[in-house]
2 protein chains.
Amino acid sequence: MLTIDLIHEARERIYRYVHRTPVLTSRAFDERARCSVFFKCENFQRAGAFKMRGATNRIRALTEEERARGVVAFSSGNHAQAVALASRDAGVRATIAMPSDAPRAKVEATRGYGAEVVFYDRLKDDREAVAREIAGRGGATLVPPYDDYLVMAGQGTCAMELFEEVTDLDALVVPFGGGGLFAGASVAAKALNPRVQCFAVEPAAADDARQSLAKGERVKIAPPETIADGARPQSPGELTFPILQKNAAGVLTVSDEEIVEAMKFLLLRLKILVEPTGALPAAAVLSGKLAKNPRRVGVVLSGGNVDADTLARLIAPANDKR
Amino acid sequence: MLTIDLIHEARERIYRYVHRTPVLTSRAFDERARCSVFFKCENFQRAGAFKMRGATNRIRALTEEERARGVVAFSSGNHAQAVALASRDAGVRATIAMPSDAPRAKVEATRGYGAEVVFYDRLKDDREAVAREIAGRGGATLVPPYDDYLVMAGQGTCAMELFEEVTDLDALVVPFGGGGLFAGASVAAKALNPRVQCFAVEPAAADDARQSLAKGERVKIAPPETIADGARPQSPGELTFPILQKNAAGVLTVSDEEIVEAMKFLLLRLKILVEPTGALPAAAVLSGKLAKNPRRVGVVLSGGNVDADTLARLIAPANDKR
């Protein structure tokens with residue numbers, strides 16, 4: 001089970017290896033949003049995203065025998081880089097399985113942190129078979145991206161830091177992909193401030209959490225089209241979903257245009273780079289999706305990994321829909 | 001004269017109205033630069049640049065009579081926005097004179113801070129005549145962009161904060177446009193740590209400070225072509241030049257390509273937006289222009305105001321010269 005004690009333990013285990021990221025505020029953003037927003041800047045985290053917290057917690061909790069056999073992860077995104085860097089820190093061998101059409105920049109970044117990258121064909125190979133093959137090489141431990149209590153507890157440490165630094169928050173707003181960040185952050189937040197309302201934010205085109213919450217069971221959607229690549233899991237996790245049901249005051253959705261507008265505001269006014277998935281909560285707040293107008297709002301800017309081409313395309317005037 | 005006392009007074013006068021900006025560090029940058037770099041993030045300053053410090057100090061030092069008559073400034077850049085915002089804070093009327101071909105985004109930003117913008121024809125009108133006309137309307141006080149001891153003292157407060165927070169710096173590296181930031185920052189730095197070496201950085205195409213220092217007198221260059229628009233003054237200031245002569249360990253120059261590379265590193269790795277002029281010192285450090293390899297280096301990231309089109313153009317792959 002995911003408890004506040006597990007999150008306290010996670011913090012003790014990881015604090016030497018991750019940044020305590022700053023909390024920023026902006027008068028310009030607050031004027032637009034009509035509330036006071038406190039940004040927890042996980043885009044400044046090591047490897048560029050909160051994923052470093054969960055990966056570090058999972059890997060540092062391995063037994064000596066498990067460490068010797070190494071770890072494996074499936075990801076072409078922030079989880080891949082986090083597992084690679086956390087493994088290098090810990091002196092553990094990491095193998096990252098990526099689809100063969102993964103962006104070269106992501107492959108290079110992951111290799112840059114010392115991991116071995118193996119490719120699989122997304123259309124022909126299935127992930128189970130790839131996992132069996134890698135495990136067959138020596139029994140590596142799988143580090144899941146969200147459906148693991150140690151991973152969730154690690155992610156929760158960012159909200160623990162935020163709530164210790166900023167008191168009296170009325171709401172906490174975080175992005176929702178597989179649900180690991182929401183699970184960890186909402187458990188930490190409610191333990192430190194029981195009356196806080198926790199909101200998950202998804203792209204409108206990838207609203208599996210919203211649908212699942214409404215139906216009362218995990219709904220699987222078709223592969224979604226959205227620029228928020230961290231929010232592409234097709235259903236909430238098996239372990240994260242009950243925590244969403246218990247802790248969510250609501251699931252909010254935003255359009256890709258609202259995401260881009262929030263990214264541009266954060267970039268051009270606050271001068272910080274946030275990736276599309278990381279901008280989901282800021283987009284929800286800016287576009288007025290929070291009902292009941294909370295006064296003080298915590299927002300997790302979950303990551304900042306965007307490549308130059310994508311960024312140039314997103315901010316170019318042709319993409320300015322305003 | 002510009003003294004440390006004047007900078008202490010400036011801090012007392014302005015601290016309520018400007019941000020104490022954070023100092024950031026980056027393992028990735030340090031690995032590339034082969035030294036420990038401490039970034040003073042004036043890109044997070046109000047109105048997006050250190051200029052807010054000097055403008056606020058000058059305007060808050062006005063007499064009651066002067067305040068009633070308002071202020072005027074010539075600028076289409078960060079100084080314009082700083083004078084506009086500092087005036088609004090202080091309840092003082094501001095008129096900003098801009099060339100009629102100034103970018104619309106800059107005009108709108110300045111008006112957004114409540115200033116009146118008047119245009120002049122850069123080819124036909126001379127600035128003296130425009131100034132006389134505005135002054136004729138009621139005796140407004142001119143706020144100069146750099147050649148003024150109160151303005152310089154205000155700019156110096158950013159280095160004072162940096163040197164109080166980070167001890168034992170071997171070098172301080174700042175951009176050089178008209179020389180106001182270098183003057184204030186070097187006087188503050190040397191008062192707090194007499195053995196620190198202060199470097200000014202210019203674009204190679206706008207090396208008026210380098211030429212002036214070599215010749216021992218102020219050299220005026222032709223209007224330079226560079227993306228670092230804050231470094232386009234054609235000669236060092238009359239009052240700032242003697243301070244450059246006294247305090248500079250050297251003037252370093254970087255190419256526009258080196259500036260773009262530094263901007264991209266700061267954006268894509270540190271996740272912070274720095275404008276071309278603001279990236280001059282980071283470019284000098286990254287491209288190995290600091291001789292004698294100082295161990296601990298303070299770098300002022302002086303501003304973050306870039307419009308979306310320019311940024312998209314700079315980071316697009318076609319501009320990647322590597």
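In this text, all values refer to a predicted model and were calculated from it rather than measured experimentally. Along each chain, numbering runs from 1 in the same order as the chain's sequence is written. Ligands are numbered from 1 and chains lettered from A, in the order in which they are written. Under the rules for a predicted model, residues below a pLDDT of 70 receive no local features and side-chain atom pairs below 80 are neither given nor counted, while totals for whole chains, interfaces and linings still include all residues. To get the side-chain values, all heavy atoms of the structure are used, and hydrogens and water are removed first.

Undergrad: Can you walk me through the packing of aromatic side chains in this structure?
TA: For any pair of aromatic rings, geometry is given as the distance between the ring centres together with the angle between the planes. Stacked, tilted and edge-to-face are the three classes assigned to paired rings of Phe, Tyr and Trp, where Trp is represented by its six-membered ring and a pair needs centres within 6.5 Å; plane angles under 30 degrees give stacked, over 60 edge-to-face, the rest tilted. Scanning the entire structure with this criterion turns up eight aromatic pairs over all chains. Centroid distance F29 of chain B to F265 of chain B: 5.7 Å. Interplanar angle 80°. Geometry classified as edge-to-face. Taken together, the residues span a long stretch of sequence, with F29 of chain B in helix α2 (residues 27-33) and F265 of chain B in helix α12 (residues 256-268) at a distance of 236 residues. The pair F29 of chain B / F265 of chain B is uniform in exposure class, with both members buried. Site record: aromatic cluster; members linked through ring pairs are F29, F39 and F265 of chain A. When the ring centre of Y17 of chain A is taken as origin, the NZ or CZ atom of R60 of chain A, which lies over that ring, is 3.5 Å away. Numbering goes from the N terminus for both helices and strands, where a helix is a DSSP run of H or I of at least four residues and a strand is a run of E of at least two. Burial classes: relative accessible area under 20% of the type maximum marks a residue as buried, over 50% as exposed, and values in between as partly exposed (1.4 Å probe, protein chains only). Two thresholds decide whether a charge sits over a ring: the Lys NZ or Arg CZ must be within 6 Å of the ring centre and within 35 degrees of the ring normal.

Undergrad: What's the story with the domain arrangement of chain A in this structure? I'm lost.
TA: How big an interface is tends to be stated in terms of the accessible area lost upon association of its parts. All names here are of chain A. Split by domain assignment, chain A resolves into domain 1 (4-49 + 148-315) and domain 2 (52-142). A separation of 24 Å is found between the C-alpha centroids of domain 1 and domain 2. Should any heavy atoms of two residues lie within 4.5 Å, those residues are counted as being in contact. Taken residue by residue, the interface counts 25 residues in domain 1 and 15 residues in domain 2. By buried area we mean how much accessible surface two parts lose on assembly, using a 1.4 Å probe and totalling the loss over both. The junction of domain 1 with domain 2 conceals about 1700 Å² of combined surface from both sides, 53% of it contributed by carbon and sulfur atoms. Salt bridges are identified by distance alone: a Lys or Arg side-chain nitrogen within 4 Å of an Asp or Glu carboxyl oxygen. Run the count over domain 1 and domain 2 and you get four salt bridges. Two residues, E161 and R53, come together in a salt bridge whose shortest N-O distance is 3.1 Å. Pairing of N or O atoms within 3.5 Å defines a polar contact, subject to two protein rules: one partner must be a possible hydrogen donor and the other a possible acceptor, and residues neighboring in sequence count only if both atoms are side-chain atoms. Our enumeration of links across domain 1 and domain 2 arrives at 13 residue pairs in polar contact (both at pLDDT 80 or more). Of all the secondary-structure elements, those providing two or more residues to the side of domain 1 that touches domain 2 are α1 (4-14) and α8 (149-165). Of the residues forming the side of domain 1 that touches domain 2, the biggest block, eight residues, is contributed by α8. Charged means Asp, Glu, Lys or Arg here, nonpolar means Ala, Val, Leu, Ile, Met, Phe, Trp, Tyr, Cys or Pro, and polar covers whatever is left, Gly included. Classifying every residue of the side of domain 1 that touches domain 2 by side-chain character gives ten nonpolar, seven polar and eight charged. For the domains described, the bounds stem from an automatic or database domain assignment.

Undergrad: How should the pattern of salt bridges be read in this particular structure?
TA: When the charged atoms of two side chains with opposite charge come close together, those side chains can pair. Residues and elements named next belong to chain B. Scanning the model with the defined rule gives 30 salt bridges over all chains in all. Between R11 and E164 there is a salt bridge, with the nearest N and O atoms lying 2.9 Å from each other. Linking R11 in helix α1 (residues 4-14) with E164 in helix α8 (residues 149-165), this pair joins segments that are 153 residues apart in sequence. Exposure remark for R11: the relative accessible area of 18% places this residue in the buried category. On the accessibility criterion, E164 (39% relative accessible area) is partly exposed.

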